[in-house]
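# Descriptive analysis of the structure
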Amino acid sequence: MYGGGNTFEGIKTDSVAQEDPQKLAAFEARIARGEKIEPTDWMPQLYRKQLIRMIEQHAHSEIIGALPEGTWITRAPGFKRKMSLMAKVQDEVGHGQLLYSAAETLGKSREEMIDDLISGKSKYSNIFNYPTFTWADCCFISWLVDAGAIVNQLANAKGSYGPYCRALDRICAEESFHLKYGHHCVIYLAAGSPKQRAMFQEALNRWWPPMMHFFGPSDKISVHTEVLMKWKVKMGTNDDMRNQFLDMYVPKILELGFTIPDPKLKKNPDTGRWDYTEPDWDEFKRVINGDGPCNKERLEVRRIAEERGKWVREALKTSKTAYVTPLA
Amino acid sequence: MNDQALKELLYKLADDLLILGHRNSEWTGMGPLLEEDIAFSSMAQDKIGQSHALFQLLHQLGEQQPDLVAFTRNANQFHNAVLVELPNGEYDFSLVRHFLFDMADSLRWQMLTNSSYEPLAQLAKKIQGELRYHTLHANTWIKQLGNATEESITRLQGSLSKLMPYALGMFEESPMEAALINDGIFKGEQALQAIWKSKVEEVLSATQLAVPDWKILVPVYGGRRGQHSEHLQPMLDEMSEVFRIDPTTEW
Amino acid sequence: MKSLDPRVNRLPVPGTPGKITPKIPLDQFGSYEVFVQPKEGKPFQHEGIVHAPNLEMAFVLAKEAFTRRFTCVSLYVTDTRDVFVSPLTDADKNAYDMISDEGVKGNDSYEIYHLAKRGKQHVHAGVVTAGSPEEAMWKARQTLNTKQVFNIWAVKTSNIRKTGEGETILWDTLPEKKFRDAADYKGGDKLKEFLERNKS
């Protein structure tokens, strides 16, 4: 899964003025031809930095995203759910592994990325800072958060950076199981006992606001974002992604007889887009900046995992003398 | 064929795999290296899958549905060795348990490929590849950490001494052992234990870890008869927390 | 830490909460390139990397990282440093045109990989015998240069940890692991039954 709504502010190298115009023209021509960029190609600093930031955040979201669903890994009801959830959470770790590798081809080591995650310097998807109180919360994530992630990932898979596209192709293929599994879980809750139905309705009520935050605030279209779109780093606006998600999943939620906790939510026949209550962006910012219900726990669990694994890694210290970036 | 003896054998196999698969799955998302996190989780999934297959065999022999059997019994109705229910501890503890258990498990299933109970022999043949990976993984890790730093060797040695009496408990004989052997269902715990010891010694002798002095070790028995440590019941309560909200519904 | 996750409640707390010890260089080890053969008769292709302390461990870890989903009949890994890489080309430029005559003296075996399209995987193209990776590229230019490629890799066969003869059984049950397959989660009937029930 993937945290949507990347914000691209705060990077110093936001100008391409210092780049060699000839190289820049060749680079842009390559993208315009529909050819992907590979790690050893020349690329503008801004392109490199934004991609590292984006892929790294995506990787962190997978690793941290394994925790809220992992909360139920020892309690999944029945053999089938138990094995599915184990495999699903495992896939999230696997996606993190793939994405860190893709980011590494741009020159940032996995060591640095994990350090930046734990220190809070680098962000991950906001939604994983919310708690999973019941089995139904876990099902909500498996179905709908993954659905949102897939909307983002399918778009990004058409981007311009080869290693990221390769990782995303693999991830999207794996995600189809997640989505089906999640929907399957929710259908069974919907068709089950009143208690099961109520469990999911409550989860839906809790998770709807963070789900609307998931795609990020409306983009301010600046010269900066236009460049990133031209370079196929940013593949669509946050609002487009949110609309696509609502188009695809609101009918499926309603079909199951659940209510979505937003009285204003409806498709506007004139614009063809969804109207909804404006999400609370102050809360969004507060949670991103560390003040969400589970931020501390998520990072602390990751810190402990790294700390406990340290002796294992130290014991097997590699014979390599220097770090080598992966090839592709 | 002695049905009673056969069922007891299937139950202990199924319970060992379920409980250890469950324990090992607790590491998912918290392992020492992303790649190892993935590998360890896969092996836990294999175990739960194998356990499920065994509960299906039991179901065909007239026992209840796998989910009901696995998620509603109490600790004293479980036949697993105490070894597999112990809390995970640090990674050395989990790895050493993985090594000791999976070595026995793979040898046991190798024997069962010749079982006179055809469905069991079929299953045994089918999962040889999974078991091959489990022992490749365990042996590689033990050999590498067992030859690495002072800390890793000390940790592994400590876990080996803690776990060895429990590991020997895996081979507690059934009161119906003779029937299993005579019917050609399973060659018996004694035969298994003998090969297991030599294989464990073989791996350990390729490391700086000491081979245990078998004579002075006292096995921890009881698990096969439903006598468990204080750790099993809380683990089962946790595992069935959602299932027990309504065992009659579909989840 | 009081958590909703019972596993977290059981965690020991090493170090000081919130206090970060920065990782030492190579804490995550070096990298190994992973190649997978999806089906009998199909070529191996590059799938990605694993971080591992050595070649054998790389093989063990790559097996689950890259072959637990989808089909696989064989796997191999090699140290990233043991992959010799040609220049990268674009548009209609063939990477083989950048390979210069090295002559061919030695007869070690090298695996040759082609990148046929940017953004796709490097795919196994054939084996050549040569005395060095440079020679191997030159040899490949003469024998495997049939259509335009953007990049060429050469790996000395003896630097590869291949799947051993008895190890092909590792993937025997892979097709049966339906719980990792979207097709195994058909909720349609249950949904229909539920909708019918609601109508009445």
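Note that the structure is predicted; figures quoted are calculated from it, not measured.

## Section: the overall build of chain A
- Scanning chain A for helices and strands turns up 11 helices and 2 strands.
- Radius of gyration (C-alpha) of chain A: 20 Å, near the 20 Å computed for a compact globule of 328 residues.
- Seen along its three principal axes, the alpha-carbon backbone of chain A occupies a region of about 65 × 60 × 35 Å.
- For chain A, the residues scored as buried account for 56% of the 328 residues in total.
- Relative to all contacts within chain A whose residues are 6 or more apart in sequence, the contacts with residues 24 or more apart total 79%.

## So, the interface of chain B and chain A
- Residue-level contacts link 43 residues of chain B with 35 residues of chain A.
- For the side of chain B that touches chain A, the secondary structure elements donating two or more residues are α1 (3–25), α2 (34–60), α3 (66–72), α7 (128–145), α8 (150–168) and α11 (232–239) of chain B.
- Top element by residues in the side of chain B that touches chain A is α2(B). It accounts for 11 residues.
- The class makeup of the residues in the side of chain B that touches chain A is 18 nonpolar, 14 polar and 11 charged.

## What about unusual backbone geometry?
- Positive phi outside glycine occurs at A:K232, with the angle close to 55°.
- Among the structural elements, A:K232 can be located in the loop between α8 (223–230) and α9 (238–255).
- Exposure remark for A:K232: the 19 C-beta atoms within 10 Å place this residue in the partly exposed category.
- The backbone of C:F29 sits at a positive phi, close to 65°, despite the residue not being glycine.

## Some points on the interface of chain C and chain A
- Between chain C and chain A, the contact holds 52 residues from the first and 59 residues from the second.
- Those elements giving two or more residues to the side of chain C that touches chain A turn out to be α1 (6–9), β1 (30–37), β2 (45–52), β4 (83–85) and α4 (188–199) of chain C.
- Ranked by residues supplied to the side of chain C that touches chain A, first place goes to α4(C) with 5 residues.
- Here the side of chain C that touches chain A is composed, by residue class, of 25 nonpolar, 14 polar and 13 charged.

## Quick notes on the environment of B:Q77
- Along the chain, the position of B:Q77 falls in the loop between α3 and α4 (82–85).
- Separated by 54 residues in the primary sequence, B:Q77 and B:L131 place their C-alpha atoms 27 Å from one another.

## A short note on the pairing of β1(C)
All names here are of chain C.
- With respect to burial, β1 is a largely interior element, 7 of its 8 residues being buried.
- The pairing of β1 with β2 spans 7 bridges and is classified as antiparallel. Across the sheet, residue E33 finds its bridge partner in β2, namely I49.
- Bridge count between β1 and strand β3 (residues 74–79): 6 bridges; the pairing is antiparallel. Each residue of the ladder has a partner; that of E33, found in β3, is T78.

The rules behind these values
Residues numbered from 1 in each chain as written. Chains lettered and ligands numbered in written order. Predicted model: local features only at pLDDT ≥ 70, side-chain atom pairs only at ≥ 80, totals over all residues. Helix = DSSP H or I, 4+ residues; strand = E, 2+ residues; numbered from the N terminus. Rg over C-alpha atoms; globule rule 2.2 N^0.38 Å. Buried ≥ 20, exposed ≤ 12 C-beta atoms within 10 Å, placed from the backbone. Contact = placed C-beta atoms within 7 Å. Nonpolar A, V, L, I, M, F, W, Y, C, P; charged D, E, K, R; others polar. Pairing = 2+ DSSP bridges.

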